[in-house]
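Analysis of the macromolecular model
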Amino acid sequence: MNLETKKRLLAVSRGDKPADLLLKNVTLANTISHEMEQTNVAIFEGRIAGFGEYQAVETIDLHGGLIGPALLDGHIHIESTLLTPPEFARIVVPFGTGGVFCDPHEIANVLGSGGIQYILESSEGLPMTVWVMIPSCVPATNMETSGAKMLARDMQPFLGHPRVRGIAEVMNFPGVVLGLDEVLEKIELGTGRPIDGHAPGVRGKWLNAYVAAGVETDHESTSLAEAHEKLRRGMAVFIREGSTAKNLEALLPLVKPETAHLFAFVSDDRHADELLTEGHMNATLQKAVKMGLDPLTALSMSSTNTARLFGVMDTGVVAPGRFADLVHYEDLKSFRALRVWHKGSEVARDGELLVSIQKPALHGVKDTVKLPPVSLDSIKIPSHAEVNIIDVIPDQIVTGGSTARLPESNGNLTCSPGQDIAKLIVIERHGKSGSIGRGFVRGFGISSGAIASTVAHDSHNLICCGMSDDDMLVATRTLGEVGGGWIVVQKGKVLACLPLPIAGLMSDKSASEIAPELDELHNAAKSLGCKLNSPFMTLSFLALPVIPSLKLTDQGLVDVNKFSIIPLGVSHEGEAANLF
């Protein structure tokens, strides 16, 4: 706010000049004093001028209606919604979302700086604020092949952008703890700014070192004990409720009045169809209150707390001088948004967006799937007595690990439907190494066919799970032809396919257009026997080598706890594991 703007605002605050808008007879959900307050709210040039009796150009009598701050999401990858930023805003603003803190490391791992620039440009001028945290892990590790690599010097130019807040989740926690220069330089770049963390299962002295390096938040806790230790060591705890990782029920008991200001709700990864049917942060608050959380505390954890933890002082609270980012809520149980204001302008009412949103330009973000030649021979796995298996854990992005003996055919291992073990491959798709990682996964429930995706965190190579090599080949080749996406194949036939032509991650269609296609995909996956709620989100995280315990990248099987690539074959005493 410049000096002249402030002088004009002060004249209205003093009552010397009329406000633009007066919201009269409101019940204010005051997240600062933690009380319900009967008052009027005066708004001028997009900011709150004051409370009480004011003259105004326009007056809206809410007859005791409930007003509170608009909702904020403290950590999200917009790319994971499968939508462009404008289309994402079109869906979530009517639910009361006023802003998000996004980490565009999905598209950055495909397109580097160009991907970050696309997110910044396409999120300009929306009826919500998109703050950006600069990705710190492009790539997340050296155990995968990404489309780009960004060092601290590549990140630095973005810090001058007015909507860039700080450094995004530092996923290479071993690199932090062990003091690797390349990782610490990125943290140093964020000195004086928010620095997000990503430390799944990190405890004890390693946690001490991680926090000592300057990392401030974490959204990866899955147990009460883990989150409590991080809170004790000074970290803010972000409670995640997304499409795959759902940690609300496990972590909510840790929220106490004395420490509630150090908690915030985040979605991390949430798909378009769930946004359409369930909502965004409003759905998380509804669930939290239903579980017994105080309603005002819940609201604070998706507004006031979030803004303060990111050092954003002009929103997140309803107070003089702050932007009028407000929601008229039906109540603090459903958190249904009746009306939504962004910077003083009404942008949504009764679930409908009131403003137009332009589609973004797509220059330089398409044609990113560059697969090597793939044949049946290239995805075969030579026989071995016993192999390591990735075990899916439903509704979590962490995995387990086990071993199994698998059937053989012509000197190669085959899948085992009876043990619920499918083949898993990851194919480098950025036109670089052309490498292919091969392994096995248990827990998808499929008895035939294949599913595949070019969304595979975080380097976003092509990942495919299947019971048939022939179907896996059809799936991978088809995704190469359409420029990326999700696909289900059975007996050589494509049952369903959702093209994601923007970086192989996002659709260029509206949420309402892709929702039926998502339903078709999920139904097709179920027809194969899949028993997971979000099979494609689950599949996408099987390639992320910074989430325990076993993952598969294009370079091979990764033991995340050891932070190293390990053989697929299990060696026993006196036996060499020579399988990869």
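In this text, all values refer to a predicted model and were calculated from it rather than measured experimentally. (Residues numbered from 1 in each chain as written. Predicted model: local features only at pLDDT ≥ 70, side-chain atom pairs only at ≥ 80, totals over all residues. Heavy atoms only, no water.)

**Quick notes on the sheet that holds strand β16 (residues 352–353)**
- Across the sheet, eight strands lie side by side as β3-β2-β1-β4-β13-β14-β15-β16; this open sheet has mixed pairing. Bordering the open sheet on either side are β3 (47–51) and β16, each of which pairs with just one other strand.
- Bridge analysis of strand β13 (residues 326–329) against strand β14 (residues 337–342) gives four bridges, and the strand direction is antiparallel. Along β14, the bridge assignment pairs His-328 with Arg-339.
- Here helix α1 (residues 3–14) sits on the sheet in contact with β1 (19–30), β2 (35–44) and β3, set at roughly 25° to β3. (Pairing = 2+ DSSP bridges. Helix = DSSP H or I, 4+ residues; strand = E, 2+ residues; numbered from the N terminus. Contact = heavy atoms within 4.5 Å. Axes fitted to C-alpha atoms, helices over the stretch in contact; angles between N-to-C directions.)

**Quick look at the domain arrangement of the chain**
- With domains assigned, the chain is organised as domain 1 (1–69 + 317–344), domain 2 (71–311) and domain 3 (376–565).
- Domain 2 and domain 3 are separated by 26 Å when their C-alpha centres are compared.
- Every contact between the two is made by 45 residues of domain 2 and, on the other side, 47 residues of domain 3.
- Summing both partners gives a buried area of about 3600 Å² for domain 2 against domain 3, and 65% of it is carried by carbon and sulfur.
- Broken down residue by residue, the surface that domain 2 buries against domain 3 is led by Leu-82, Met-143 and Thr-244, which jointly contribute 22%.
- Our count for the contact surface shared by domain 2 and domain 3 stands at zero salt bridges.
- Our count for the contact surface shared by domain 2 and domain 3 stands at 18 residue pairs in polar contact (both at pLDDT 80 or more).
- In terms of residue count, the dominant contributor to the side of domain 2 that touches domain 3 is helix α3 (residues 105–111) (six residues).
- Class assignment for the residues of the side of domain 2 that touches domain 3 results in 18 nonpolar, 16 polar and eleven charged. (Domains from an automatic or database assignment. Buried area = accessible area lost by both parts, 1.4 Å probe. Salt bridge = Lys/Arg side-chain N within 4 Å of Asp/Glu carboxyl O. Polar contact = N/O pair within 3.5 Å; in protein donor to acceptor, adjacent residues only side chain to side chain. Nonpolar A, V, L, I, M, F, W, Y, C, P; charged D, E, K, R; others polar.)

**Examining the pairing of β1**
- Of all twelve residues in β1, nine are buried; the element is thus mostly enclosed.
- Judged from the eight bridges that link them, β1 and β2 form a sheet pairing that is antiparallel. Opposite Leu-28, over in β2, you have Glu-37 as the bridge partner. (Buried < 20%, exposed > 50% of the residue type's maximum accessible area, 1.4 Å probe, protein only.)

**Examining helix α15 (residues 469–482)**
- Given a rise of 1.5 Å per residue, 14 residues ought to cover 20 Å, and the 20 Å separating the end C-alpha atoms of α15 matches this to within 8%.
- Among the residues of α15, those classed as buried are Asp-471, Met-472, Leu-473, Ala-475, Thr-476, Thr-478 and Leu-479.
- Among the structural elements, β21 (421–427), β23 (450–453), β24 (462–466), β25 (485–490) and β26 (493–499) are those in contact with the buried residues of α15.
- Among the residues of α15, the N-terminal cap falls to Ser-468, whose side-chain oxygen and the backbone nitrogen of Asp-470 are separated by 3.4 Å.
- Just downstream of α15 lies Gly-483, where phi reads positive at about 85°. (Expected span 1.5 Å × (residues − 1).)

**Things to note about the sheet that holds β24**
- Spatially, the eight strands line up as an open sheet ordered β18-β17-β22-β21-β24-β23-β25-β26, and their pairing is mixed. A single partner strand is all that each edge strand has here, and the edge strands are β18 (399–404) and β26. Each adjacent strand pair in this sheet contributes to an overall mean axis angle of 25°, direction not counted.
- Two elements, strand β17 (residues 387–392) and strand β22 (residues 436–442), share two bridges in a ladder whose sense is parallel. Among the inter-strand pairings, Ile-390 is bridged to a residue of β22, identified as Val-441.
- Together, β21, β23, β24, β25 and β26 form the strand contacts of α15, whose direction differs from that of β25 by roughly 150°.

**Concerning the packing of aromatic side chains**
- Here the structure, examined in full by the defined rule, presents six aromatic pairs.
- Taking the centre distance of 4.5 Å and the plane angle of 10° together, the rings of Phe-101 and Trp-131 count as stacked. Here Trp-131 lies in strand β7 (residues 129–134) and Phe-101 lies in strand β6 (residues 97–102), a separation of 30 residues in the sequence.
- When the centroid spacing of 4.7 Å and the interplanar angle of 5° are considered together, the rings of Trp-486 and Phe-536 count as stacked. You can see Trp-486 sitting in strand β25 and its partner Phe-536 sitting in helix α17 (residues 535–541), a full 50 residues away along the chain.
- Taken together, Phe-101, Trp-131, Phe-238 and Phe-310 form an aromatic cluster joined through their ring pairs.
- For the cation-ring pair, Arg-47 lies above Phe-323, with the distance from its terminal atom to the ring centre recorded as 3.9 Å.
- Here the guanidinium or amino end of Lys-343 rests over the ring plane of Phe-323, the centre of that ring lying 4.7 Å away. (Phe/Tyr/Trp six-rings, centres within 6.5 Å; stacked < 30°, edge-to-face > 60°. Lys NZ or Arg CZ within 6 Å of the ring centre and 35° of its normal.)

**What to know about the pairing of β26**
- Of the strand pairs in this sheet, β25 and β26 are connected by six bridges, and their pairing is antiparallel. By the bridge assignment for β26, Ile-487 is matched with Cys-497.
- Linkage of β25 to β26, two consecutive antiparallel strands, is achieved through a turn of two residues, within which Lys-491 is found at a positive phi near 55°.

**Structural notes on a nonpolar patch on the surface**
- A surface patch of nonpolar side chains, amounting to about 320 Å² of accessible area, comprises Leu-178, Leu-180 and Trp-206.
- Tracing the sequence through the fold places Trp-206 in helix α8 (residues 204–212). (Patch = residues over 30% accessible without salt bridge, like charges linked within 9 Å, V, L, I, M, F, W, Y side chains within 5 Å. Areas by Shrake-Rupley, 256 points an atom, 1.4 Å probe, with all protein chains shown as cover.)

**Section: unusual backbone geometry**
- At the junction of Val-138 and Pro-139, the peptide bond is cis and its omega measures out at -5° in the coordinates.
- Tracing the backbone shows Pro-139 in the loop between β7 and α5 (152–155).
- Phi is positive for His-63, which is not a glycine, with a value near 50°.
- Here His-63 lies in strand β4 (residues 56–69).

**Section: the pattern of salt bridges**
- Tallied over the full model, the rule gives 25 salt bridges.
- A salt bridge links Arg-240 to Asp-268; the nearest nitrogen and oxygen atoms lie 2.9 Å apart. Of this pair, Arg-240 sits in strand β11 (residues 236–240) while Asp-268 sits in the loop between β12 (263–266) and α11 (272–278), placing them 28 residues apart in sequence. Across the pair, Asp-268 and Arg-240 agree in class, each one buried.
- One salt bridge connects Arg-339 with Glu-346, and the closest N-O pair in it is separated by 2.8 Å.

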